[in-house]
Amino acid sequence: MTWGERHSRMAVESSEKPISKSTDVPALEGRDIRKSLPLGGSRIEILRGINLRVEHGEFVAVVGPSGSGKSTLLGIIAGLDTPTSGQVLIDGVDITRMGEGQLAQVRNAKIGMVYQAFNLIPTLTAQENVEVPLYVGKHSGRPADRAKELLTLVGLEHRLGNRPNQLSGGEQQRVAVARALAADPAIVIMDEPTGNLDQKNSENVLQMVRDLRDRTGKTFIIATHDPNVAAAADRSIRIVDGLVAD
Ligand code: ADP
Ligand code: MG
């Protein structure tokens, strides 16, 4: 059964509501983002002045060759890494000037991150993995109920009690997506979400992302070298040698 088929038979509806924003403040804006790191006696320039703007509800693919700086850029716009210079604005607010406490709050409230290697906690069940972020911030309702609802949303209502090693790669990726959605973030950032999946699981995860975007109105920013993911996005931002290529 594909994710779409299972999903269409779901009884439980998500509490997510489509967001319609009538503001012209973008969901995310990057201004002249630069990142360099010391290497030997000199510095390696990874990002060399990235400008980008992503509107609320957009599904944007970040594409480019391996080593072009996609993961570095995603880490910076997610507030997990700091740029050497430049600004990252989330809903018009510059996160690069925030202290760690304030930044953690913004991250928890506004950004859901999905890593290529899933990064699930191996000793916890699917449901417990999704509950983890719900114990960090303030969230209404019981974490267990919210986790079940989210796992149903990604088509895993029959895998609540399974640990990661009892799940396929595609299923683990869907748990990671459910966890990223737990705190109801406006922006979901995914690094190569289909990079570790076979073709069938890739198609299922891609279908899930498109459907989630349509149902929730969230903003999706996805780094990928998978042409199918790029084709499914509203548009692509191509990174070459640390710069946006035209
Ligand atoms: P992509 O995700 O597009 O493959 P990355 O952002 O992972 O690219 O890496 C961009 C470049 O920066 C690569 O050449 C990589 O080797 C280098 N790089 C990334 N992180 C570090 C680091 N911590 N130290 C040194 N070089 C790094
Ligand atoms: Mg990468």
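Above this text sits the structure in question.
Just so it is clear, the structure is predicted and the values come from calculations on it, not from any experiment.

S.K.: Explanation requested: the nonpolar core in the structure shown.
M.R.: Nonpolar side chains in soluble globular proteins tend to end up buried together. Residues V62, L73, L150, A178, I189 and I222 are the most contacted members of the largest nonpolar core, which totals 60 residues. Among the elements that line this core, the one with the most residues is helix α6 (residues 169-181), at six residues.

S.K.: Even after reading the chapter, I still don't get the pairing of strand β6 (residues 111-114), so can you show me in this structure?
M.R.: Successive residues of a regular strand alternate their side chains across the two faces of the sheet. Burial along β6 is two-sided: the residues I111 and M113 and G112 and V114 are all buried. As paired elements, β6 and strand β7 (residues 187-191) share four bridges and run parallel to each other. Bridged to M113 within β7 is I189.

S.K.: Any chance you could explain the environment of I189 here in plain terms?
M.R.: Mapped onto the elements of the fold, I189 is located in strand β7. Residue classification places I189 among the buried positions, given that 25 C-beta atoms sit within 10 Å. In this structure the C-alpha to C-alpha distance between I189 and G112, which are 77 residues apart in sequence, comes to 6.1 Å. When neighbours within four sequence positions are excluded, I189 is seen to be in contact with L74, I77, A78, I111, M113 and I221.

S.K.: Please explain the site of ligand 1 as it appears in this structure.
M.R.: In the neighbourhood of ligand 1, the contacting residues comprise L37, I44, I46, G64, S66, G67, S68, G69, K70, S71 and T72. Only β2 (42-54) and α2 (70-77) provide two or more residues apiece to the shell around ligand 1. If you tally residues by element for the shell around ligand 1, the top one is α2, at three residues. Along the lines of polarity and charge, the residues of the shell around ligand 1 split into three nonpolar, seven polar and one charged.

S.K.: Mind showing me how you'd approach the pairing of strand β1 (residues 28-39) here?
M.R.: Both β1 and β2 contribute to a ladder of ten bridges, which runs antiparallel. The partner of R34 across the bridge, within β2, is R48. Linkage of β1 to β2, two consecutive antiparallel strands, is achieved through a turn of two residues, within which G40 is found at a positive phi near 60°. By the bridge criterion, five bridges tie β1 to strand β4 (residues 85-90) in an arrangement that is antiparallel. Residue pairing for β4: E29 is matched across the bridge by L89.

S.K.: Where do I start with the environment of E45 in this structure?
M.R.: With respect to the secondary-structure elements, E45 resides in strand β2. The class for E45 is partly exposed, based on 17 C-beta atoms found within 10 Å. The spacing of E45 and R34 is eleven residues in sequence and 7.8 Å in space, taken between C-alpha atoms. In this structure, E45 is in contact with S36 and G242, ignoring residues within four places of it in sequence.

S.K.: What is the right way to look at the sheet that holds strand β3 (residues 59-63) in this model?
M.R.: Strands in a sheet are paired, the pairing made by backbone hydrogen bonds, and the direction either parallel or antiparallel. Taken in spatial order, the six strands of this open sheet run β6-β7-β8-β3-β9-β10, and their pairing is mixed. Either end of the sheet is taken by a strand with one partner, and the two such strands are β6 and β10 (243-245). Averaged over all adjacent pairs, the angle separating strand axes in this sheet is 25°, with direction ignored. Pairing between β3 and strand β9 (residues 235-240): four bridges, direction parallel. Bridge pairing links V62 to I237 in β9.

S.K.: Sorry, what's going on with the sheet that holds β1 here?
M.R.: Strand order in the open sheet formed by four strands is β2-β1-β4-β5, with antiparallel pairing between adjacent strands. Looking at the sheet topology across the chains shown, the edges are occupied by β2 and β5 (93-94). Pairing between β4 and β5: two bridges, direction antiparallel. Each bridged residue has a counterpart across the sheet, and for L89 the counterpart in β5 is D94. Each of β1, β2 and β4 is contacted by α2, which is oriented at about 120° to β1, the strand it contacts most.

S.K.: Mind showing me how you'd approach unusual backbone geometry here?
M.R.: In the Ramachandran plot, D184 falls in the positive-phi region, its phi being about 55° despite a non-glycine side chain. In this fold, D184 is placed in the loop between α6 and β7.

S.K.: Help me understand helix α7 (residues 199-216), please; the structure alone is not making it clear to me.
M.R.: One turn of the α-helix equals 3.6 residues, which is why residues spaced by three or four share an orientation. Compared with the 26 Å implied by 1.5 Å per residue over 18 residues, the 25 Å span of α7 between its first and last C-alpha is a close match. A positive backbone phi angle near 70° is found at G217, which sits one or two residues after α7.

The rules behind these values
Residues numbered from 1 in each chain as written. Chains lettered and ligands numbered in written order. Predicted model: local features only at pLDDT ≥ 70, side-chain atom pairs only at ≥ 80, totals over all residues. Core = buried A, V, L, I, M, F, W, Y, C linked by C-beta atoms within 7 Å. Buried ≥ 20, exposed ≤ 12 C-beta atoms within 10 Å, placed from the backbone. Helix = DSSP H or I, 4+ residues; strand = E, 2+ residues; numbered from the N terminus. Pairing = 2+ DSSP bridges. Contact = placed C-beta atoms within 7 Å. Near = placed C-beta within 6 Å. Nonpolar A, V, L, I, M, F, W, Y, C, P; charged D, E, K, R; others polar. Axes fitted to C-alpha atoms, helices over the stretch in contact; angles between N-to-C directions. Expected span 1.5 Å × (residues − 1).

Any link to function would need more than the numbers given here.
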